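# Geometric and topological summary
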Amino acid sequence: MNLRDKLNALSSKPAAPKPAPPVKTFSDCWHECLRRPLTEFPGCFNLRRETIMLMQGDDMPDPLDPRRILYLDTETTGLKGGAGTVAFLVGLGWLTDTGFELHQYVMRDYPEEKYLLQAVEETARRFDVICSFNGRSFDVPLLRDRFLMNRMRTDCLDKPHIDLLHIARRVWKLRLRQCNLGRLEEAILGMPRVDDLPGSEVPERYFRYLKCGDFSLLTDVLEHNAQDIASLCTLLGHMARLYEAPEILRHSEDVYSMGVALERMRHPEEARRCYRLASAGSMRVPGQLRLAGNLRRAGERSEAKTVWQGMMARHEGGIVPLIELAKHYEHIERDPAAALDMTRRAMMMMAEPSLTEDSETTQTREALEKRYQRLKGKLERSC
């Protein structure tokens, strides 16, 4: 038999069957429980329902038990949400009488998602309130979508939600500009992170793990998530103390911003307290203007007048105190002569030449001229 015949004989034999790939079975997700001492969370049991409502603006359970607040944070396959984005890691934490308990659930592959969601559902039903950082806009809507995709009920997520991102922005954005959790840990809590995995690298790290199956690639992700959860509890307690005692705020920008936030939440008396504190620092002028406006809206017109007069005497606030005093004298005290004097002073201040003039300045100038003519006419008719 020549070489050609041997090759033909080999090719005519049926190929040996390939071994079947191993069948993966999924019956649960990865789960780890960590415990941290209460000493890391000072004042964590001192949360008051009234204080949280000052901060958040929403109704809270009565009574509010700090042990029934669920701290939640997710790590996802995408940073912007949308179709196909999945929470591959969910961290859940809560206070107990002996410490802070933290549970992390990871889907090691996509078929484990339903087990992760089941664990979240079972845990969430035991709590009254959810606390997160941007969870109202991102984490909870994402989890709600994944529950629906897995034909699961979503009512376990229907509970009051404390979103610390929005509360923090209202107080610290004016001074810090950037208010992500890492920045707040460093600037507000005095706990800067060391060798922390940036959140932007989390999805890529998970996809690398899926390719090679090396679970150690997720170690940094788990540590990042665990720190996020613990920081939520610490930050909530810290912010509650500040709202109860704004005088301990070291920066006038922060106490001024807290006043603005309280006023928007319809707590004018508490806002007034902050404006007075802010008026002792670098935010004196905006604090005084806010204070006077607050007093005017509350019907405390004589006190508002005193604030505007003080600003005028100190040459603070530009034409604003003059305009407000003109309105006050004309409509409240019925003193057109005094109102005309304030209007004239404001017009003289605006008479300073400038190279540019925006539409707001033009409108203010026109309004002053109309007020001046109206008041002048009133005085002439009364003579």
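Above this text is the structure in question.
Fair warning: this is a prediction, and the values are worked out from it, not measured in the lab.

For the rest of this paragraph, the subject is the pattern of salt bridges. On inspection of all chains with the given rule, the structure shows 33 salt bridges. E40 serves as the salt-bridge partner of R36, at 2.9 Å between the closest nitrogen and oxygen. R36 gets classed as partly exposed once you look at its relative accessible area, which sits at 24%. According to the relative accessible area criterion, E40 is partly exposed, its value standing at 34%. Close ionic contact of R108 with E112 constitutes a salt bridge, the shortest N to O distance being 3.1 Å.

Attention shifts here to the packing of helix α2 (residues 49–56) against helix α8 (residues 219–244). At a minimum axis separation of 10 Å, α2 and α8 run at an interaxial angle of 90 degrees. In terms of axis orientation, α2 runs roughly perpendicular to α8. Across the interface between the two elements, T51, I52, L54 and M55 of α2 pack against L236, M239, A240, Y243 and E244 of α8. Counted by class, the contact of α2 with α8 contains seven nonpolar, one polar and one charged residues.

In this section: the environment of T154. As for its placement among the helices and strands, T154 is situated in the loop between α4 (135–149) and β6 (161–163). Linking T154 and L117, residues 37 residues apart in sequence, is a C-alpha distance of 10 Å. Here T154 is in contact with R144, F147 and L148, once residues within four sequence places are set aside.

With respect to the helices, strands and loops of the structure, N294 is situated in helix α11 (residues 284–297). At 3.2 Å, the side chain of N294 forms a polar contact with the backbone oxygen of P268. With sequence-adjacent residues up to four places away left out, N294 is seen in contact with E263, P268, A271, R272 and Y275.

In terms of residue burial, α2 counts as a mostly covered element, since six of its eight residues are buried. What α2 keeps buried is the set R49, T51, I52, L54, M55 and Q56. Those residues of α2 that are buried are in contact with α4, β6, α5 (164–176), α8, α9 (252–264) and α10 (268–278). One or two positions beyond α2, positive phi appears at G57, with a value near 90 degrees.

Turning our attention to the nonpolar core. Ranked by internal contacts, the top residues of the largest apolar core, which has 74 residues, are Y71, I162, L164, W172, L235, L236 and Y243. The biggest single contributor to this core is α8, with 11 residues. In this view, Y243 contacts T51, L54, M55, I167, V171, M258, A261 and L262; residues no more than four positions away in its chain are not counted. Core analysis: the next-biggest nonpolar cluster, separate from the first, contains 38 residues, L70, L89, A119 and V140 among them.

For the rest of this paragraph, the subject is the state of the cysteines. In protein chemistry, a disulfide is the covalent bond that joins the sulfur atoms of two cysteines. This model, assessed by the stated rule, comprises zero disulfides. The structure places no disulfide on C179, whose sulfur is separated from the nearest cysteine sulfur, that of C131, by 16 Å. Note on C179: relative accessible area 7%, which makes it buried. Unpaired in terms of disulfides, C212 finds its nearest cysteine sulfur in C29, a separation of 20 Å. Note on C212: relative accessible area 51%, which makes it exposed.

Reading guide: rules and limits
- Residues numbered from 1 in each chain as written.
- Predicted model: local features only at pLDDT ≥ 70, side-chain atom pairs only at ≥ 80, totals over all residues.
- Heavy atoms only, no water.
- Salt bridge = Lys/Arg side-chain N within 4 Å of Asp/Glu carboxyl O.
- Buried < 20%, exposed > 50% of the residue type's maximum accessible area, 1.4 Å probe, protein only.
- Axes fitted to C-alpha atoms, helices over the stretch in contact; angles between N-to-C directions.
- Helix = DSSP H or I, 4+ residues; strand = E, 2+ residues; numbered from the N terminus.
- Parallel < 35°, antiparallel > 145°, perpendicular 65-115°, else oblique.
- Contact = heavy atoms within 4.5 Å.
- Nonpolar A, V, L, I, M, F, W, Y, C, P; charged D, E, K, R; others polar.
- Polar contact = N/O pair within 3.5 Å; in protein donor to acceptor, adjacent residues only side chain to side chain.
- Core = buried A, V, L, I, M, F, W, Y, C linked by side-chain atoms within 4.5 Å.
- Disulfide = S-S within 2.5 Å.

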